[in-house]
Structure formats: structure tokens, C-alpha cells
2 protein chains.
Amino acid sequence: MRWRTHFPSRNRSLSFRSKKDSAPGRYRFSIGTFRGLQQPELSRKLFKLIKAENTAIGAYESAGRERVSIASQLSDWGESTEDEAVSDISDKLGVLLAEIGEQEDLFAQSLEDYRGLLKQIRNTETSVQPTRDQRAKITDEIQKLKYKEPTSTKLVTLEQELVRAEAQNLVAEAQLTNVTRSKLKEAFDIHTAAVIERAEKQIILARHARRLLNFLDDSPIVPGDPRLAYEHSAEAKQVLEDAEIDLRSWERTVEPISSGAAATKETPDGILATAAEESDAGGAEIVGEGPGREPRDISPIGEDAPSIKQEKEAIAPEASGALQAESQA
Amino acid sequence: MRWRTHFPSRNRSLSFRSKKDSAPGRYRFSIGTFRGLQQPELSRKLFKLIKAENTAIGAYESAGRERVSIASQLSDWGESTEDEAVSDISDKLGVLLAEIGEQEDLFAQSLEDYRGLLKQIRNTETSVQPTRDQRAKITDEIQKLKYKEPTSTKLVTLEQELVRAEAQNLVAEAQLTNVTRSKLKEAFDIHTAAVIERAEKQIILARHARRLLNFLDDSPIVPGDPRLAYEHSAEAKQVLEDAEIDLRSWERTVEPISSGAAATKETPDGILATAAEESDAGGAEIVGEGPGREPRDISPIGEDAPSIKQEKEAIAPEASGALQAESQA
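Residues numbered from 1 in each chain as written. Chains lettered and ligands numbered in written order. Predicted model: local features only at pLDDT ≥ 70, side-chain atom pairs only at ≥ 80, totals over all residues. Heavy atoms only, no water.

Going by an unreviewed UniProt entry, chain A carries the name Sphingolipid long chain base-responsive protein LSP1 and comes from Penicilliopsis zonata CBS 506.65.

Peer 1: Please explain the packing of helix α2 (residues 44-80) of chain A against helix α3 (residues 84-148) of chain B as it appears in this structure.
Peer 2: Two quantities define a packed helix pair, namely the angle between the helix axes and the distance between the axes. Running from N to C, α2 of chain A and α3 of chain B point in directions that differ by 25 degrees, and their axes come no closer than 15 Å. By the criterion of interaxial angle, the relationship of α2 of chain A to α3 of chain B is roughly parallel. Both α2 of chain A and α3 of chain B take part in a crossing whose hand is left-handed. On α3 of chain B, the residues that touch Y60, R67, I70 and W77 of chain A of α2 of chain A are E104, L111, Y114, I121 and E125 of chain B. Of the residues in the contact of α2 of chain A with α3 of chain B, the class split is six nonpolar, no polar and three charged. (Axes fitted to C-alpha atoms, helices over the stretch in contact; angles between N-to-C directions. Helix = DSSP H or I, 4+ residues; strand = E, 2+ residues; numbered from the N terminus. Parallel < 35°, antiparallel > 145°, perpendicular 65-115°, else oblique. Left-handed = near helix turned anticlockwise from the far one by under 90°. Contact = heavy atoms within 4.5 Å. Nonpolar A, V, L, I, M, F, W, Y, C, P; charged D, E, K, R; others polar.)

Peer 1: Teacher, can you tell me more about helix α5 (residues 233-248) of chain B here?
Peer 2: Helical geometry: 3.6 residues make up each α-helical turn, so side chains three or four residues apart lie on a common side. All names here are of chain B. For α5, spanning 16 residues, the distance from its first C-alpha to its last is 23 Å, which sits close to the expected 22 Å at 1.5 Å a residue. For α5, the complete set of buried residues consists of A236, V239, L240, D242, A243, E244 and L247. Buried residues in α5 make contact with α3 and α4 (154-213). (Expected span 1.5 Å × (residues − 1). Buried < 20%, exposed > 50% of the residue type's maximum accessible area, 1.4 Å probe, protein only.)

Peer 1: What is the right way to look at the pattern of salt bridges in this model?
Peer 2: Close approach of charged atoms allows side chains of opposite charge to pair. One pass over the full model with this rule turns up 36 salt bridges over all chains. Residue R132 of chain A is joined to E173 of chain A by a salt bridge in which the shortest nitrogen-to-oxygen separation is 2.6 Å. With R132 of chain A in helix α3 (residues 84-148) and E173 of chain A in helix α4 (residues 154-213), this pair connects stretches of sequence that are 41 residues apart. A salt bridge links K237 of chain A to E241 of chain A; the shortest N-O distance between them is 3.8 Å. Highlighted residues: K237 of chain A and E241 of chain A, both in helix α5 (residues 233-248), separated by four residues, approximately one helical turn. For E241 of chain A, a relative accessible area of 30% gives the class partly exposed. A network of salt bridges, in which partner residues are shared, links E104 and R198 of chain A together with E104 and R198 of chain B. (Salt bridge = Lys/Arg side-chain N within 4 Å of Asp/Glu carboxyl O.)

Peer 1: Explanation requested: the relation of the copies chain B and chain A in the structure shown.
Peer 2: The two chain copies are connected by a rotation around an axis plus a translation along it. Expressed as a screw transformation, the operator carrying chain B onto chain A has a rotation angle of 180 degrees and an axial translation of 0.0 Å, and the superposed copies differ by an RMSD of 0.0 Å. Interpreted geometrically, this transformation is the action of a two-fold axis. Ranked by how close their C-alpha atoms come to the rotation axis, the residues of chain B are headed by A199 of chain B, at 2.1 Å. Most of the interface of chain B is mirrored in chain A: 99% of its interface residues are interface residues there too. (Least-squares fit on C-alpha atoms with pLDDT ≥ 70 in both.)

Peer 1: Help me understand the interface of chain B and chain A, please; the structure alone is not making it clear to me.
Peer 2: It is common to give the size of an interface as the accessible area lost on bringing the parts into contact. Contact residues are listed per partner, giving 137 residues for chain B and 137 residues for chain A. Where chain B abuts chain A, roughly 12700 Å² becomes buried across the two surfaces, and 58% of that area is made up of carbon and sulfur atoms. For the pair chain B and chain A, the interface holds twelve salt bridges. Between D218 of chain A and K185 of chain B there is a salt bridge whose closest N-O contact spans 3.6 Å. The interface formed by chain B and chain A contains 41 residue pairs in polar contact (both at pLDDT 80 or more). When residues of the side of chain B that touches chain A are traced back to their parent elements, those giving at least two are α2 (44-80), α3, α4 and α5 of chain B. (Buried area = accessible area lost by both parts, 1.4 Å probe. Polar contact = N/O pair within 3.5 Å; in protein donor to acceptor, adjacent residues only side chain to side chain.)

Peer 1: What exactly am I supposed to notice about the packing of α4 of chain B against α5 of chain B here?
Peer 2: All names here are of chain B. At a closest axis distance of 10 Å, the pairing of α4 and α5 adopts a crossing angle of 170 degrees. By the angle between their directions, the pair α4 and α5 is classed as roughly antiparallel. Contact residues: α4 offers K201, I204, L205, H208, R211 and L212, while α5 offers A236, V239, D242, A243, D246 and L247. Class assignment for the residues of the contact of α4 with α5 results in seven nonpolar, one polar and four charged.

Peer 1: What is the right way to read the environment of S110 of chain A from this model?
Peer 2: Residues and elements named next belong to chain A. Inspection of the secondary structure puts S110 in helix α3. Given a relative accessible area of 3%, S110 falls into the buried group. Expressed as a C-alpha distance, the spacing of S110 and I57, which sit 53 residues apart in the sequence, is 9.4 Å.

Below, the structure is given as C-alpha cells:
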């Protein structure tokens, strides 16, 4: 039995990334990998992570189920020993162990909630990819045409299309960062709170279980000597009642995580978040602005979209309309 | 997300057993069941429990492994977002999550220790069964002979054999209760302490992870607006260092479980316990007294062995010799 504090040396650098090159065999062929490749580039990593999380949740569910079953078996076994003390204590211990198992299952359910939030990020990533592709495609066409046919009138049309594509992408990228940050925060708020809840409740249960163990007299007898009569039946029952009271009066002690995202409800991005909550499919649906809403501002970021600056007022409704059309498709 | 206290109604009776009849389908065909049937009656229940525990431990190992893998994937994904804040926080969060995963694995290892102690009880059960069978067989032969041939001289020999068999069984039963009680106590001491250790350490890790989340500004931006620069890099690094310090300075807080079994080391039962520790096979080896030792006392318990009372002095060395012979076989 180990009581050592374990912080593995590979974590010592306080980052995963620095050791990246020294981890051979990190990539393996698997169905998961194959399916991941069918996803758009942008959402591929999260797609795989969400899949792995599903496996982890399944493992917790399995552990919880087994623990409940073992608890029942322990009680049965104790009864079969025909030793009154072993019988009573194993039965009561079984009740507490079963509850520890139930906590594993509740933990798994909270992880499902967390996983649902990660899916919202993934879905937004999936929906942003086409706007990047479209913008890149038009930029590419313009470059080719400028080289082959610099005086073509088609260039004007393409430049207009580019401005619209840039506007659409700009909105999508804002949605992506807003959803990513707020949902990431919310997801790990739930995840870490669930870790703490499971832990605190299991500590309650395990501490009461240890009280039960002290009622079992394990001093050895010599052959033929009888055991002292078991006199802790009422106390053992009291332990279970105490455990139940403690568990019922458990309250979260974690500090809430601060969030600026609550203010988004009335913004386009708030609408996006709501739309994303409804959608759970892995498909490439565009999570757009919602009908009847326009982005409040689509001023560009950085230097790669100078043309929008000039035409900002003119294209805004148009770009917004394009988004709406796509989001309703 | 649920914060409710969960104490399922089926546990309300504070015992498993009262609901036994209302659990249809509790017995299923499975390899486990089939194998269990090959075990002696006495150790069958524990045999199955130990098998189920192996599955539970496997589930925790799997959960731990997935958590570590997901932590690494989270860090990779964060980097790919090209958002400095998301990148740094997901990487640091990954380190803490990986450690939470490692704690699952350490927990599984402690459960292996606990499972080893249950095996010691099971092995003793297995070894006691033949002494019960032998005693029952001779008793049966005597009854038959008394009915068929009441004056047979073979009866005297059989009565002597019975006395020896009773003595042997009496020792075995004492060994069984001693091993059962002390190892059961020790096993769940380890199990519950491991539940508490995992819980306390994961609380430390999850609370520090929540500090990280607060460094992520999730207030929404409008399209085109830049994010405020990320300025929590040093603080985030400090969180990991704090977590590592807290984890390293963790100490068990559980009260030790009292045990009277430590006093057994010099008794025959102490010898048995030591012998059982060496043996992990499911076979039917007799764990006997060990060479050169005699039971200190083989006075009978109950009324079903009156013949021993009369011949106690005479048969004691003989019974002991029989035990020795069998234990060395």
C-alpha cells in the first residue's frame, strides 16, 4: 500500500507540450483516428477528445455498477459465514459501498453534461470551417485571375464576393472565440465541481465505513474458544443513519467560477450559444446569427481584411443576410 | 447538472438482505458463475466477489488511462486554437487532469492490495472445506454401520477417526474465523483509506484547476474586436506549483483502525495467516499448523463433539500430527 504523493516526473515541466517529441507511438491506427479524419480540420482534435471522454465516462459507469454489485455480494457472503459480527458489519459496509458506487455513477452523469458543452465548441468549430474555406477559395481565385487576366471585369465581382466572405468569416471567428471560451469554462466548471462533489461524498461514506470496521473484534481465538457475543448491532445501524444524514446535508463548498459570458444573452453571440445548445450532431450545420438579427459590428481584425474597412457600412446587412440564409439551410 | 444528495430508496432499509426476494434476475449465466460452481461451496461467494472486484479495478485503470490521454489531447487542442489564453489554460488544466487520472490509477493499485487480502480469506475458506467434509463423511459412516452392524469392531476405529477429524476441523474453523475477521478488517481499512486518499488528492487538484478557469476571460467580443491580451501566464504557472506543493504535503488524516490481530503472530493462527499470505492459488491446499507446532488447546465448541471432551488429552498430539502430515502434503 502506498501513501506516497504522486506527481509523475513527466509532468514536472508543468506542460504537456515540451515533451511532445519524446513520446513515440503516440499516434496509433484506430477507428477513432479514421473517423476523426472525416471531420473538418478545425474540429478534428475536439472530436477525438469527446470520443475518448465517452470511453472514460463508460469506465466510471462500469466501476460504479461493479461496486454496487460487489457491495451486494459482500452482504451475501457475510450472511453465509454464519458469524453474527461479520454478517452485520459486511451488510452495513455493503450499504455504504453501494452508495460509493452510486456516486461514481452520478459523477459519470455530470461528466456527460461537461461532454455536452465540449460538443457545443466542436459544433461551432465545424460550422466555422466552411467560412474559412470560402474566404480562402475566393482569395485564391482572385490571385489566379489577376495573374492570367489582370483586366477581367470578373475581378470586381470576385472582390465583392471576397468582402462578403470576409465579413461572414469575421462573424464566425468571433462566434468561435466566444463559444470556445465560455463553454470551455463552463465545461470544466462542471467537471471539476463533479470531481469535488464525488470526492467529498465518498469521503463521508468511507469515514463512516471505517467506524463500522472498528466494531469487528479481530483478536484471535484458540480452537474451541467461543467468540465474544456481538454487541454493536445498534451502533452499526446508527453509523448508516449518520452517513445518510451527512450525505443529505452535503452542500457545495466550491467558489463559483466567474463568467462574463452571462452578459451575452442579448448579443448575437448569446443567440449563437443558445442555438448551439440545441444542436448535438457532429454534422457541419452552420450555427448562424438567427433570423432577424444583425451583428452589431463587423469591423475587421488585423491587416488581412483591409477591403472590409472601406465597405463596412455597405456590406454589413448583406453579409448578415448571407449568414442567415446559411444558418437556416 | 445535479447537486442533489443521492441515497437510493432501495438502500433505505439499511440492509441489502431484506430486499433479496424482490430482485428478479439476480442470477445470470456467465463464465464467472460457471467457474464459481467449480469452487468448494465455502469459498464460492468470495471467489465470485474477488472476480467482480477485478473487473471494477480494471474499470478504474481504464478511467485513469483515458483521463491522462484526454488531458494530453486537451493541451494539443488548446494549442491548435491559436488563442493564447485558451492555449495556456488548457495546457495547465491538462497537467492537473492528468494527475487526477494518475490518482485513479493509484486508487486501482490500492484496491489490488485490498483484493489480495480477500484472496487470503478465500484461500482459508477453500482449505477448511475438506475438514468439514471429512468429519461429515466419518459421522455418516458411523451412523450407517451402527444401523447395519451395531457390534462391528470397525466402529471403534471409526470413532477414533472421528475424534481426529473433529480436532482437525476445530482447528481449521478457528483459523477461518481468525483469518476472516482480521483480513476483512485489514482489507476494508485499505479500501476505505484508498477512497479517502484519492478523494482528498483529487479535491486538491480540482480546486487548483478551478483557479485556472478564472484566468480565462469569457466575456463576448463583437466581430472584429480583438481579445484583451492574456496576462495570467505567470499566475497559471504558480497554480501548478501550488498544486504540486499541496499534493506533496498531503498526509493521511484517517484514524487507524484498531486491530487485535497483531497479537496473533506467535499463535498457531498467526502462523496460518503468514502461510496464507504466501499462497494465492485457488486450490484446495490445507493451510495447517506448520511443523513442530501443536494447537494450544483443542477443546470443543458446542455439543456436537462430545467425544473429544473425553479423549482430549489423548488425541491432541495425534490430531496435531495428522494436521502436520496434511499441511506438508
